[in-house]
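Structural overview
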Amino acid sequence: MLKINDLKVNYGGIEAVKGISFEVPDKSIVTLIGANGAGKSTTLRTISGLVKPAAGSITFDDENITGLTPDQIVTKGITMVPEGRRVFPDLTVLENLKIGAYLRKDNLTEDINWVYELFPRLKERSWQLAGTLSGGEQQMLAVGRALMAKPKVMMMDEPSLGLAPLIVQNIFEIIKEINSQGVTILLVEQNANMALKTADIGYVLETGRITMNGTGMELYTNEDVKKAYLGS
């Protein structure tokens, strides 16, 4: 569904992404793992149109989408849950969800109800200001907001960052549930343990290059990956 071919991205004079290629099959969960500064978030930001690549191509559903604007990317069916959640603090939970659907012209009721089924806590706090939610609740809201665009592919940048272990477990269960309902997931995550146990396919990024790939379980049981990223 999503193909990245020889992608290069520069920040100032620094080459942050150095010619990476990978594929995200339809209805799969694919994860990019690696240390801080490896180029993971830059890759997502480039796919979403926030950063322009220096070279290479991004193909989605057999269409070249390289260089399209972020709103055009969303219209094609790719959304992103950004690192740090980025909810609108002075708007209610419901208003935040509706902003996720700002490019849609159809009825939102069914999808709002779906988000509330996934996250009952958001339904309870529907009229609460997003800035007063806990970190875990804000992450749920950020995921729900991305779903409101009815994406084919949802990219997630560090969804477990700063969350308590129980909330992290819940977020990954929700990721699997969303995927089971037909949404393809591209996940950037420093919690390599959870990411590889959840993903169908994994890629290891080191200083802007892909150094290893395989199924999630292959990487999870790989001795080099264990030493570098799983703390064992």
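Read on for an overview of the structure. (Residues numbered from 1 in each chain as written. Predicted model: local features only at pLDDT ≥ 70, side-chain atom pairs only at ≥ 80, totals over all residues. Heavy atoms only, no water.)

Quick look at the overall build of the chain
Rules: A helix here means a DSSP run of H or I that spans at least four residues, while a strand means a run of E at least two residues long, and both kinds are numbered starting from the N terminus. Here the globule rule reads 2.2 Å times residues to the power 0.38, and the radius of gyration is calculated from C-alpha atoms. Residue contacts are counted whenever heavy atoms from the two residues lie within 4.5 Å of one another. Working definition of accessibility: Shrake-Rupley area with a 1.4 Å probe, residue cover restricted to the visible protein chains. Neither His nor the chain ends is counted toward charge; the positive residues are Lys and Arg and the negative residues Asp and Glu. We put the charge of a Lys on NZ, of an Arg on CZ, of an Asp on CG and of a Glu on CD.
Each helix and strand counted, the chain has ten helices and ten strands in total. Its C-alpha atoms give the chain a radius of gyration of 17 Å, within 12% of the compact-globule value 17 Å for 232 residues. For the chain, the spread of C-alpha atoms along the principal axes amounts to about 45 × 40 × 30 Å. For the chain, restricting intrachain contacts to residue pairs at least 6 apart in sequence, the fraction spanning at least 24 positions comes to 65%. Element-wise, carbon and sulfur atoms account for 49% of the exposed surface of the chain, whose accessible area totals about 10700 Å². Each charge class in the chain can be summarised by its mean position, and for the 24 positive and 27 negative side chains these summaries are 3 Å apart.

Side note on the pairing of strand E10 (residues 209–215)
Under the convention used in this document: Two strands are counted as paired when DSSP detects at least two bridges linking them.
Of the pairings in the sheet, the one linking strand E9 (residues 201–206) to E10 comprises six bridges and is antiparallel in character. The residue bridging leucine 205 from the neighbouring strand is isoleucine 210, located in E10. From the end of E9 to the start of E10, which pair antiparallel, there are two residues, and threonine 207 there has a positive phi angle of about 40 degrees.

Describing helix H7 (residues 165–180)
To keep things clear, this is the line we draw: In this scheme, a helix's expected span is set at 1.5 Å multiplied by one less than its residue total. Relative accessibility decides the category of a residue: with a 1.4 Å probe and only protein chains considered, values under 20% of the type maximum give buried, values over 50% give exposed, and everything between is partly exposed. Arc definition: it is the arc formed by the directions from the helix axis to the C-beta atoms.
Its 16 residues place the ends of H7 23 Å apart at the C-alpha level, agreeing with the 22 Å of an ideal helix rising 1.5 Å per residue. Those residues of H7 that sit buried are Val168, Ile171, Phe172, Ile174, Ile175, Ile178 and Asn179. Down the axis, H7 shows its buried residues gathered within 155 degrees of arc, on one side only. For H7, exposure combined with an orientation more than 90 degrees from the buried face picks out Leu166 and Ser180. Looking at the buried positions of H7, the neighbouring elements they touch are strand E3 (29–33), helix H4 (109–118), helix H6 (135–147), strand E7 (153–157), strand E8 (184–188) and helix H8 (192–198).

Some thoughts on the sheet that holds E8
Our working rule: Think of each axis as a best-fit line through the C-alpha atoms, taken over the contacting stretch in the case of a helix, with angles from 0 to 180 degrees between the N-to-C directions.
In space, the six strands of this open sheet follow the order E6-E7-E8-E3-E9-E10, with mixed pairing throughout. Either end of the sheet is taken by a strand with one partner, and the two such strands are strand E6 (78–81) and E10. Between one strand and the next, the sheet's axes are offset by a mean angle of 15 degrees, whatever the strand orientation. Note that E7 and E8 share five bridges and pair parallel. Bridge pairing in E8 links methionine 154 to isoleucine 185. H6 rests against E6 and E7 of the sheet, and its axis sits at about 170 degrees to E6.

A short note on the pattern of salt bridges
The line we're drawing: One side-chain nitrogen of Lys or Arg within 4 Å of one carboxyl oxygen of Asp or Glu is enough to make a salt bridge.
All told, the structure shown has seven salt bridges when counted by the stated rule. Glutamate 63 serves as the salt-bridge partner of lysine 76, at 2.9 Å between the closest nitrogen and oxygen. With a gap of 13 residues between them, lysine 76 in helix H2 (residues 70–76) and glutamate 63 in strand E5 (residues 63–64) connect regions that are remote in the sequence. For lysine 76, a relative accessible area of 31% corresponds to the partly exposed category. Judged by relative accessible area, glutamate 63 falls into the partly exposed class, the value being 34%. Across the pair glutamate 137 and arginine 121 runs a salt bridge, and its minimum N-O distance is 3.9 Å. Here arginine 121 lies in helix H5 (residues 120–124) and glutamate 137 lies in helix H6, a separation of 16 residues in the sequence. The buried category is assigned to glutamate 137, whose relative accessible area is 6%.

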